[in-house]
Amino acid sequence: MRITARASALAILCVSSVLPVLATGGSASAAPDPARLGSTAEQAAASCWEIKQGNPSSPSGVYWLLTPRMAAPQQFYCDQATDGGGWVLVGKGRDGWTTEYDGKGAASALTSPDTSPMSNATVQLASGKVDALLNGQRVDALTDGVRLRRATNAAGTTWQEVRFDYSNRDRWVWTFGAEHYLSSYSFDKVSRTGGQTVNFGTDNLYNRVYNTPVRAQGFRQGFAFGSSVTGTSASSTFLYSQAGSTGYALPYTQVYLRPQVRSTDAGFAQIGDSGTSASSSPAVANSNADALPWHVSGLAGSTAAEGNVEVQAFTQSGSRMYVGGNFRYAQRAAASTGVDQVSQPFLAAFDVSTGELVQTFRPVLNEQVRALATLPNGSVLAGGDFTVVNGSTVTNVVALDPTTGATDASFNLKLENRLTGGVLRVNALKVANNEVYLAGAFTHLSGGTKPATAVYSRSGAIAAVDGTPRADWKAGLNGTATALDVSADGKRVYFAGYFTQSGTTPTSKVAVFHTGLNGGLASTTWNPTWSASANYQQAIDEVGSRVWVGGSEHSMFSFDTTSFARLSGNIMKAHGDLQSVTNDGKAVYAGCHCQNFNYTNAYTWPNVGSGFTQADSLNWVGAWNASTGQVIPNFVPTMAMRAESGIWAMTVDSNGRLWAGGDILTAKTATATNAWSGGFTRFSPADSTPPTTPSGLRVTAQTATTATLSWVGSTDARPISYQVLRDDRVVATTGARTLTVPLGGRNRFFVRAADDKGNVSASTPVVTVAAAAPVA
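A quick note: this is a predicted structure, and the numbers were derived from the prediction, not measured.

Peer 1: Residues and numbers for the overall build of the protein chain, please.
Peer 2: The helix and strand inventory of the protein chain stands at 2 helices and 57 strands. Scaling as 2.2 N^0.38, a compact globule of 776 residues should have a C-alpha radius of gyration of about 28 Å, and the protein chain matches this with 29 Å. The buried share among the 776 residues of the protein chain stands at 58%. In the protein chain, of all internal contacts separated by at least 6 residues, the share reaching a separation of at least 24 is 57%. In the structure as shown, the protein chain presents an accessible area of about 28,100 Å², 50% of it carried by carbon and sulfur atoms. Considering the protein chain, the positive charge centre built from 56 side chains and the negative charge centre built from 52 side chains are found 3 Å apart.

Right, here's the structure in full:
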């Protein structure tokens, strides 16, 4: 019997959560009837392979699948004819593939292997869903590896079979353009060993898979043939080339896997009487940026140095976000003029919630702002390259009234750089302990109640109330400090930069000092091995028990805050010096000039070696779990940069929103693919809150084979569906609050709610239906 896609009363919600049930030691439900495997949600199989094993005559078509790692049964296309059958389709497309973790398109489109009419529409199952189909099995442990079925002509009448096996791959990713190592590969069953997913094969014709987008093809992503294979530019072609003579033609490709998972050994476990626990999506920012009414544009100051981009600094004071950098205007849209374009070079203020420009804040500076901080009295402290503010001479640092931008005369600080030819600059500011800590290019400080200058080489500590320098600060760094952070307890201050010594003590590009009186180095042994010989560091941030450091070349490492042992390593490649880092307590965000991949557990550049454990998509800014150090692969914004300089400033505001700044031109929002986002953009937190728990589950009707269940619904900010569980698994999903379901097994029923972002509530306690017993 051929199973086809059909309208079903049991509408299935596709979510990516991994939802283990609560084992109690009881037995799982009996295995489904082999003749009915995959025919309904209740009879869902654990894999296409299980269906084929149980019923060898099963044809190719659409079947219901469910593993313990899946949130609910879902329909998939199973190829039951090729090489013994049992293949599940996880992606299909021609020249529109993405490297992003969340895949592309609607999963329902994968119930057919074809695209009709042929187009560049591409569908890729979210990586988390692929891992759920594998039931937690490592990708490199798949017996049959990854299968590509590629069209070899424009008409789609001839096809090629490609197989490849990873040598080291834990979870699923779509980053085939990265340097994932292969143990073997084959073209139409002719096998070879070695290679990498980025480019493998034996010739420059059809026995080649080239996964690097090329300019001649408009940088389109796909499983290209070799440089000598051309296609056509027709919209309906199965073999695409931007021009008739363009090599690396992109074929229509289907991606299949063959996980060998059975319902009886997949790990289903009887749910305890109290039900299942809630499950949440990762606590991270949305990949889609917020649609803000105002941004910045133009360049007003020097562009001679790297990082002289539109936005380089943020600070929040009260209900306003202050944005500093090298911009000339604040404006509403890309082509704004008149009242929608305000001349406000270097520093502007925006409402932190609405994003509206605060037009009363009008400081006048003569050069760019590189650092911002908020003083205890609410004044905005700015540092950078400027020497004149509001008509008066300053030495690269000034305090400003947060409402008007007028100079705050109560704060007085003078910086000097007495090195021959030395450039005076403030790169970073941080307020803690009623003090301000500074990093930059300077040698002497004076001000406040201490008009006499004292040596404060490249770093300093001053009173937040008036700018008086600390007399006992003796860091003595021998090179420019670019970034700093203060520990959560206020007892230590971290610096990163170009320096190699503090006094006579080696401190290779990072140093940590006590903040108290007579404070010195908190560690004299923190001298990391960096990723390359050019290894200046540009960003540093402590969160929890880790301190994160990033810079050149293309690295972000985390270190234990007690022992300063290195805990994790990340290398961005092909491009990607790290330039900014911040956190919200749960996630660490790092910005860079990176558009390709982040290699986890890699420590050297440009050769990342073969020991890295994952390569995730990375686009200008990425996210990591603050506790574990692991990448949060769900967060991959889509942005375009004016000069590909990338992200140079980030902060998280009081609403939990991430602000990112640099030379941004556009960003993808919920409503626009390329929304103008001059200089900066903002990302709100993704929904990671489960719906409330349903209640009052009861049986309202019963037959010999079915039970009708009703319950009190859940509440949530997003659309909700309800999953009905029986014994050890979900057997149906509905948008209603009542449903008739089949009886079976031990007839122990539960209900839980799921939203459309992968958050799932705890379930109701068990309700047991006595077989064939009438309802009271």
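Peer 1: Report on the sheet that holds strand β32 (residues 492-497), specifying residues and quantitative values.
Peer 2: Strand order in the open sheet formed by 3 strands is β31-β32-β35, with antiparallel pairing between adjacent strands. One side of each edge strand has no neighbouring strand; the edge strands of this open sheet are β31 (481-486) and β35 (510-514). Going from strand to strand, the sheet's axes swing by 20° on average, the running direction of each strand aside. Here 5 bridges tie β31 to β32, and the two strands are oriented antiparallel to one another. Note that in β32 the partner of L484 across the bridge is F495.

Peer 1: Give a detailed account of the confidence of the model for the protein chain, specifying residues and quantitative values.
Peer 2: Taken as a whole, the protein chain shows an average pLDDT of 93; of its residues, 95% reach a score of 70 or greater. Within the model, the stretch residues 1-27 combines pLDDT values under 50 with 78 contacts to residues more than four positions away or in other chains.

Peer 1: Summarise unusual backbone geometry; cite the residues concerned and give the values.
Peer 2: S552 connects to E553 through a cis peptide bond whose omega is 0°. Locating E553 in the fold gives a position in the loop between β37 (546-551) and β38 (555-560). Cis peptide bonds are those with omega within 30 degrees of zero, and the linkage from K573 to A574 qualifies with 20°. Assignment of secondary structure puts A574 in the loop between β39 (566-573) and β40 (578-583). At N390, a position not held by glycine, the phi torsion is positive, near 50°.

Peer 1: Lay out the state of the cysteines with the relevant residues and their values.
Peer 2: Taken as a whole and judged by the stated rule, the model has 2 disulfides. Linked covalently through their sulfurs, C48 and C78 form a disulfide whose S-S length is 2.0 Å. Residues C48 and C78 are joined by a disulfide whose S-S torsion is about -70°; by sign, that bridge is left-handed. Pair noted here: C48 is in helix α1 (residues 48-54) and C78 is in strand β2 (residues 74-79), with a separation of 30 residues, a long-range link. C48 sits in the buried class, given a relative accessible area of 2%.

Peer 1: Lay out the pattern of salt bridges in plain terms, naming residues and giving numbers.
Peer 2: Counted according to the given criterion, the structure contains 26 salt bridges. The residue R726 makes a salt bridge to E42 at a minimum N-O spacing of 3.0 Å. One end of the pair, R726, is in strand β53 (residues 720-726); the other, E42, is in the segment before α1, and 684 residues separate them in sequence. When sorted by exposure, R726 lands in the same class as E42, which is buried. Between R418 and E416 there is a salt bridge whose closest N-O contact spans 3.1 Å. Through salt bridges with shared partners, a single ionic network connects D79, D83, D144, R147, E161, R163 and R258.

Peer 1: How would you explain the nonpolar core if you had to name every residue and give the values?
Peer 2: Core analysis: the biggest nonpolar cluster contains 50 residues, and V90, F164, W172, V255 and L257 have the highest contact counts within it. If one sorts the elements of this core by residue count, strand β3 (residues 87-93) sits on top with 4 residues. Residue contacts for V255: discarding those within four places in its chain leaves V88, L89, V90, G91, W97, V146, R147, L148, W172, W174 and F223. Within the second largest apolar cluster, 35 residues are counted, among which are A373, A432, A439 and Y456.

Peer 1: Outline the pairing of β2, listing residues and values.
Peer 2: With 6 of 6 residues buried, β2 is to be regarded as a mostly interior element. The alternating pattern of β2 places Q74, F76 and C78 on one face and Q75, Y77 and D79 on the opposite face, and all of these are buried. Sheet topology note: the strand β1 (residues 61-65)/β2 ladder contains 5 bridges and is antiparallel. The residue bridging L65 from the neighbouring strand is Q74, located in β2. Bridge count for β2 against β3 is 2 bridges, and the pairing is antiparallel. Looking at β3, one finds that D79 is bridged to W87.

Peer 1: Break down the sheet that holds β53 for me, with residues and values.
Peer 2: Spatially, 4 strands are ordered β54-β53-β56-β57 in an open sheet, and the strand pairing comes out antiparallel. Two strands lie at the open edges of the sheet, namely β54 (729-734) and β57 (767-768), each paired on one side alone. Looking at chain direction, strand β56 (residues 748-755) and β57 are connected through 2 bridges and run antiparallel. Paired with R748 across the strands is T768, a residue of β57.

Peer 1: I'd like a rundown of the packing of aromatic side chains, residues and numbers included.
Peer 2: This model, assessed by the stated rule, comprises 38 aromatic pairs. A ring pair is formed by F238 and Y252, whose centres lie 5.9 Å apart and whose planes are at 80°; its orientation type is edge-to-face. With F238 in the loop between β10 (208-210) and β11 (239-240) and Y252 in the loop between β12 (250-251) and β13 (253-257), the pair connects residues that are 14 residues apart, well separated along the chain. Like Y252, F238 is buried. Among the aromatic residues, ring-to-ring pairing joins W97, F164, Y166, W172, W174, F176, Y185, F187, F200 and F223 into one connected group. Just above the ring of Y166 sits the side chain of R169; from NZ or CZ to the centre is 5.8 Å. For R729, the ring lying beneath its charged end belongs to F268, and the centroid distance is 3.8 Å.

Peer 1: I'd love a proper account of the side chain of S684, names of residues and values included.
Peer 2: Turning to its location among the elements, S684 is positioned in the loop between β50 (680-683) and β51 (695-702). A relative accessible area of 15% means that S684 is categorised as buried. Looking at S684, its side chain comes within polar contact range of the side chain of D290, at 2.8 Å. When neighbours within four sequence positions are excluded, S684 is seen to be in contact with A285, N286, D290 and R657.

Peer 1: Give a detailed account of the pairing of strand β20 (residues 369-374), specifying residues and quantitative values.
Peer 2: When you tally the buried positions in β20, you get 5 out of 6 residues, the bulk of the element. As defined by bridge partners, β20 adjoins strand β21 (residues 380-384) across 5 bridges and the pair is classed as antiparallel. Across the sheet, residue A373 finds its bridge partner in β21, namely L381. Counted between consecutive antiparallel strands, the loop separating β20 from β21 contains 5 residues, among which G378 sits at a positive phi close to 90°.

Peer 1: Tell me about the environment of H444, and please be specific about residues and values.
Peer 2: Following the sequence through the fold, H444 ends up in strand β28 (residues 444-447). You can call H444 buried: its relative accessible area is 12%. Along the sequence, H444 and S459 sit 15 residues apart, while their C-alpha atoms lie 9.4 Å from each other. Residues contacting H444, with those up to four places away along its chain left out, are K414, L415, E416, R418, T453, A454, V455 and Y456. In this structure the side chain of H444 is engaged in a polar contact, spanning 2.7 Å, whose partner is the side chain of T443.

Peer 1: Lay out the environment of A349 in plain terms, naming residues and giving numbers.
Peer 2: In this fold, A349 is placed in strand β19 (residues 347-351). A residue is classified by how much of its surface remains accessible, and A349, at 0% relative accessible area, is buried. Expressed as a C-alpha distance, the spacing of A349 and S545, which sit 196 residues apart in the sequence, is 34 Å. When neighbours within four sequence positions are excluded, A349 is seen to be in contact with M321, Y322, E356, L357, V358 and F361.

Criteria and cut-off values
Residues numbered from 1 in each chain as written. Predicted model: local features only at pLDDT ≥ 70, side-chain atom pairs only at ≥ 80, totals over all residues. Heavy atoms only, no water. Helix = DSSP H or I, 4+ residues; strand = E, 2+ residues; numbered from the N terminus. Rg over C-alpha atoms; globule rule 2.2 N^0.38 Å. Buried < 20%, exposed > 50% of the residue type's maximum accessible area, 1.4 Å probe, protein only. Contact = heavy atoms within 4.5 Å. Areas by Shrake-Rupley, 256 points an atom, 1.4 Å probe, with all protein chains shown as cover. Lys, Arg positive; Asp, Glu negative; His and termini not counted. Charge placed at Lys NZ, Arg CZ, Asp CG, Glu CD. Pairing = 2+ DSSP bridges. Axes fitted to C-alpha atoms, helices over the stretch in contact; angles between N-to-C directions. pLDDT = per-residue confidence, 0-100. Disulfide = S-S within 2.5 Å. Salt bridge = Lys/Arg side-chain N within 4 Å of Asp/Glu carboxyl O. Core = buried A, V, L, I, M, F, W, Y, C linked by side-chain atoms within 4.5 Å. Phe/Tyr/Trp six-rings, centres within 6.5 Å; stacked < 30°, edge-to-face > 60°. Lys NZ or Arg CZ within 6 Å of the ring centre and 35° of its normal. Polar contact = N/O pair within 3.5 Å; in protein donor to acceptor, adjacent residues only side chain to side chain.

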